[in-house]
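Below are the chains, spelled out letter by letter.
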Amino acid sequence: MRARRHLFWHAYIVPASVVVGLIAGGWYTFTTLVLLLVIDPLIDALLGDDLRNPRSEEIAELERNRSWDWPLWLAVPTQLAVIGLGLWAIGNLDVSPLEQIGLTVSVGLSSGSLGITVAHELMHRTNWKDRLLSTILMTSTSYPHFSIEHVHGHHRNVGLHQDPATARKGEGYYAFLRRVLVESLASAWQIECTRLERRGKMPKSLANRMVLYGLALTLVYVTILIVFGWGGVLFFAAQSFVAVAELEMINYIEHYGLVRRRDEGALEPMAARHAWDTNSALTNWHLFQLGRHADHHLHAGRRYQLLESLEKSPRLPGGYPVMILLALLPPLWLRVMNRRLNAIDQQG
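This write-up is about the structure you can find in this document. (Residues numbered from 1 in each chain as written. Predicted model: local features only at pLDDT ≥ 70, side-chain atom pairs only at ≥ 80, totals over all residues. Heavy atoms only, no water.)

### Here we look at the pattern of salt bridges
Logical step 1: According to the stated counting rule, one finds 16 salt bridges in the structure shown.
Logical step 2: Where Arg303 meets Asp69, a salt bridge forms, and the shortest distance between an N and an O atom there is 3.3 Å. Of this pair, Arg303 sits in the loop between helix 11 (293–298) and helix 12 (320–327) while Asp69 sits in the loop between helix 3 (59–64) and helix 4 (70–92), and the two are 234 residues apart along the sequence.
Logical step 3: Look at Asp69 and you get buried, because its relative accessible area is 1%. (Salt bridge = Lys/Arg side-chain N within 4 Å of Asp/Glu carboxyl O. Helix = DSSP H or I, 4+ residues; strand = E, 2+ residues; numbered from the N terminus. Buried < 20%, exposed > 50% of the residue type's maximum accessible area, 1.4 Å probe, protein only.)

### Focus on the packing of aromatic side chains
Logical step 1: Inspection of every chain in the model, using the stated rule, returns 12 aromatic pairs.
Logical step 2: Relative to Trp333, the ring of Tyr252 lies with its centre 5.0 Å away and its plane at 40°, an arrangement referred to as tilted. Remark: Trp333 occurs in helix 13 (residues 330–347) and Tyr252 occurs in helix 9 (residues 209–255); sequence separation between them is 81 residues.
Logical step 3: Here Tyr252 falls in the buried class, since its relative accessible area comes to 0%.
Logical step 4: A centroid spacing of 5.5 Å and a plane angle of 80° characterise the contact between Tyr256 and Trp333, whose relative ring orientation is edge-to-face. Taken together, the residues Tyr256 in the loop between helix 9 and strand 1 (262–263) and Trp333 in helix 13 connect sequence positions 77 residues apart.
Logical step 5: You can call Tyr256 buried: its relative accessible area is 0%.
Logical step 6: Linked through ring pairs, Tyr173, Tyr174, Phe176, Tyr252, Tyr256 and Trp333 together constitute an aromatic cluster. (Phe/Tyr/Trp six-rings, centres within 6.5 Å; stacked < 30°, edge-to-face > 60°.)

Spatial relationships are all this shows, so hold off on functional conclusions.
Right, here's the structure in full:
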């Protein structure tokens, strides 16, 4: 496994497909959608799994080697450039309604697969510069509060009913999306209010990150309105929605139906069994080892190049590209995944 695999797939292929689609025009503006929902599932099936874990003698070098960070840092200007290109095209080129839709969907998918995945990696780091880059990326998808809810809410409450990002057994993706959009925002606000109350500060103040995020988003949208008009505002909001829908699709896949039990009042701690894993080579190259999700939850600060495939974590029947197609068809998803959940319950 080498850093350039992640650099290749993330910093170039997905954003490049947006540019190729815009240049070609017409139906080609949907190139990114075809790449992620048609081509990637086929490649995923052909490549199969990558079962290799970092060897003990490699860990120190993997931690020191900064080449693993460059694909993350490069994603920030790339993400902003792709969104900027979309705004410029909508505001200055004679694009048809079809091309506007295709461009918006493609930019949104790039924002989700590139921007939010990288933001997720960086928001778990202790370095303030990396966390700032994460905030910039999440703001570019109009979803900065995710940083609060994910780190301080989801990682604490995963597998519990109060966790917005844990999909319930029998809950289809579209129902999950409607719920999580509302509940994650409310959770982030409550987390910030609780944090500030402990410090003796007023929740409705600039000390509240939710307030700061709201002001930052307002500034972004006002700037877009002034420079690109209402068409630019609509484009930015729509690509943000596509990116967030993609993010929450991944959340849906990663924790569907897995719950932490209570035994005589004692809450079961987070374990490998509370996150779906995949060893899909394409998924883990493409999403910075995100498919090794159980290890991420057990060691949230562990950098992506060090994540391991855990034997005790439940396995998805395919990589994320395949599972996304399955989740888009809730009856099929429920049929396949509930059977796996039932098998896990029988095993105890």
